[in-house]
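Report on the structure
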Amino acid sequence: MKVYVLWGFLGSGKTMLINHLLLTHLKDKNVVIIENESGKESIDGIELQNRHYSVVDLKSGCVCCTLRLKLAEVLEEIKQSLKPDWVLMEPSGLASLEDLLQIPNLCIDGAITLLDVKMYDFLMKLNPDFYRRQFYLSSVLFLTKTESISSGEVKQIVDKLLSIQPQLQIIEDYRLLDEAEWITIWEKSRLQKRVFLPFTSKTAPPLFSTETIVLESPIDRTFFKTEFSRMNTLFGNQIVRAKGLLQQQDGTWSRFDVTGSDYSEKPIPDLEREEKSTISVWWKDKEGLSPLGWISPFLNAEEQRCSIDDLIISDEELFLYMGFKGSTPDAYTYEIIQTLKKEALKICQPRLGYRFLTGSKLDKQHLVVGNYIFKPDYTITKYLQDADIYAILVASVGAELDAWIQEKRLANDIMEAFIADALGSLIVEAIVSYGLSSLTEKMKFYQLNTSNSYSPGYCGWNVREQQLLFSLLPHAFCGISLTDSSLMLPIKSVSSLIGIGRNIERKPYGCSICQRKDCFKKKEVL
């Protein structure tokens, strides 16, 4: 049984090499693949198993550290039970080749290193001593993605690698190797004992964190296809690698990969899978900062914590909702208002959530958000056109308060029903204001601004476009559903669109130019 390690940083093309070998040079051999994925979901293992290859998954740790003592046992079990001709081991892209080769009782015949040429400068900045040591220990190195840079740039990288290890055999395109050349490669890749490493003392691998996220919301395909790298740059460029499995609208599956600015997606024919779409991301640990705060809302709508104590519920605003312009209710009415207000605040269970989406201005009246074309009309489009991203924000007073308002309507007390309705309107707007303020504070960390929130039904935006907004959210998100006529249930609910970006300005709602006479926002200017 021959055992070879295919080592390389995240996204260097290790799984692609395995696929190539199993279709060409090793197609008539009994091959077992050991997959060591640092993410919770073994994307590579799923793809290889779907091709009916023998795959052993080692998850929940790295073979060069937390799983190092288990690896020799696994190889022995494979030898006894599967009796393969070859074992190809694909360690995590965060593994140390140096540590892997020093595992006690581990019999490895050779190792091939892979290097994505577009990541060379990044690795040399990330931890130059660590990667120089790994390259020095290598006998054979395959360059990948050489077509993405010039031949002159490739030569510069080759020269730098040879300055680290003059005996290194570098292959610029392994796909061109014939059978005889592969035999030479395997022989050359046999491990050579190197007693002295002409570099600084042993350096630990760079620290990365990883998270696997299950996609519960409808997929924003533009985010994956064209916008991932731009969003990563906008939010600090922390993510160095992402890959996952996406279910298409026709039920088929595809695999996507992002390394740096490179994106690729390919179908996985005949994959049958009950689980939902997933994405695994890797990022540089930096002062405890995590990109999950911005990428998670792109992948899944997130409900936010919000209690009635977080809200600003003023009597002055309530009086405006009730039609008191520059005056206050009499003592009798005021007492009823305060009694009902206490009831409402005790009952209310606010619901609030949002989701980030890609988008852009289409023309003066239209925006493209999450692959859908919206027509907020000129007023709103003008205020949102400079956004880098968009957020759908939804809020509701909750089913409990909505039921209480309905009870007041059915009790045939016109005054109480009127006050209860006004309270519901005030509270849901206060929830929206709280949500917008919270989102604004979060975006300040990334030096991004937020616009006001704009809702279908106002400023000429057709209320039926709520159907499109809610199609981008999970079913009954925040407990809100839509009727066929686009009425939200609970009735005291709000959906809105917010622009986020470096060039966004928080402008007035535009009451002076909006032609709608029945908009409650006009009450403050009448």
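In this report, the structure presented in the accompanying data block is examined. (Residues numbered from 1 in each chain as written. Predicted model: local features only at pLDDT ≥ 70, side-chain atom pairs only at ≥ 80, totals over all residues. Heavy atoms only, no water.)

This part is about the sheet that holds strand β12 (residues 278-284). Taking strand neighbours across the sheet as the criterion, the five strands line up as β8-β12-β9-β10-β11 in an open arrangement whose pairing is antiparallel. If you trace the sheet from one side to the other, it starts and ends with β8 (208-214) and β11 (262-268), each paired once. Direction aside, neighbouring strands of the sheet carry axes that sit 10° apart on average. The strands that helix α2 (residues 43-50) touches are β9 (239-247), β10 (253-259), β11 and β12; relative to β9, the one it contacts most, it runs at about 40°. The strands that helix α9 (residues 221-234) touches are β9, β10, β11 and β12; relative to β9, the one it contacts most, it runs at about 170°. (Pairing = 2+ DSSP bridges. Helix = DSSP H or I, 4+ residues; strand = E, 2+ residues; numbered from the N terminus. Axes fitted to C-alpha atoms, helices over the stretch in contact; angles between N-to-C directions. Contact = heavy atoms within 4.5 Å.)

Counting through the fold element by element, Ser496 comes out in strand β22 (residues 493-501). Residue classification places Ser496 among the buried positions, given a relative accessible area of 0%. Setting aside residues no more than four positions away along its own chain, Ser496 makes contact with Ala391, Ile392, Leu393, Ser453, Tyr454 and Ser455. (Buried < 20%, exposed > 50% of the residue type's maximum accessible area, 1.4 Å probe, protein only.)

With 62 residues, the main nonpolar core has Phe223, Phe235, Ile279, Trp294, Phe356, Ile427 and Ile500 as its most contacted residues. When neighbours within four sequence positions are excluded, Ile279 is seen to be in contact with Glu211, Thr212, Ile213, Leu215, Phe224, Phe228, Ala242, Lys243, Gly244, Phe256 and Leu299. By size, the runner-up hydrophobic cluster in this structure holds 44 residues, among which are Leu106, Met124, Phe135 and Ile157. (Core = buried A, V, L, I, M, F, W, Y, C linked by side-chain atoms within 4.5 Å.)

So, about the packing of aromatic side chains. In total, this model carries 25 aromatic pairs according to the counting rule given. Residues Phe319 and Phe324 carry aromatic rings whose centres are separated by 6.2 Å and whose planes lie at 75° to one another, so their mutual orientation is edge-to-face. Classification of Phe319 as buried rests on a relative accessible area of 8%. Taking relative accessible area as the criterion, Phe324 reaches 23% and is therefore assigned partly exposed. For the ring pair Phe445 and Tyr446, a centre distance of 5.1 Å and an interplane angle of 90° mean the geometry is edge-to-face. Assessed through its relative accessible area of 15%, Tyr446 is described here as buried. Taken together, the ring pairs connect Phe223, Phe224, Phe228, Phe235, Phe256, Tyr263, Trp294, Phe298, Tyr354, Phe356, Phe445 and Tyr446 into an aromatic cluster. (Phe/Tyr/Trp six-rings, centres within 6.5 Å; stacked < 30°, edge-to-face > 60°.)

By the criterion of burial, strand β6 (residues 140-144) is predominantly enclosed, with five of the five residues buried. Here β6 shows two buried faces, one formed by Val140, Phe142 and Thr144 and the other by Leu141 and Leu143. For β6 and strand β7 (residues 169-171), the ladder comprises three bridges, and the chain directions are parallel. When the bridges of β7 are listed, Phe142 appears paired with Ile171.

For the rest of this paragraph, the subject is the pattern of salt bridges. Side-chain pairs of opposite charge can arise where the charged atoms are in close proximity. Applying the stated criterion across every chain, the model contains 27 salt bridges. Arg133 is the partner of Glu98 in a salt bridge, and the nearest nitrogen-oxygen pair spans 2.7 Å. In this pair, Glu98 is assigned in helix α4 (residues 97-101) and Arg133 in helix α6 (residues 128-137), connecting sequence segments 35 residues apart. Each of the two residues, Glu98 as well as Arg133, counts as buried. Here Asp109 ties to Arg190 by a salt bridge, and the two come within 3.6 Å at their closest N and O atoms. In this pair, Asp109 sits in the loop between α4 and β5 (110-116) while Arg190 sits in the loop between α8 (179-188) and β8, placing the two residues 81 residues apart along the sequence. Look at Asp109 and you get partly exposed, because its relative accessible area is 21%. (Salt bridge = Lys/Arg side-chain N within 4 Å of Asp/Glu carboxyl O.)

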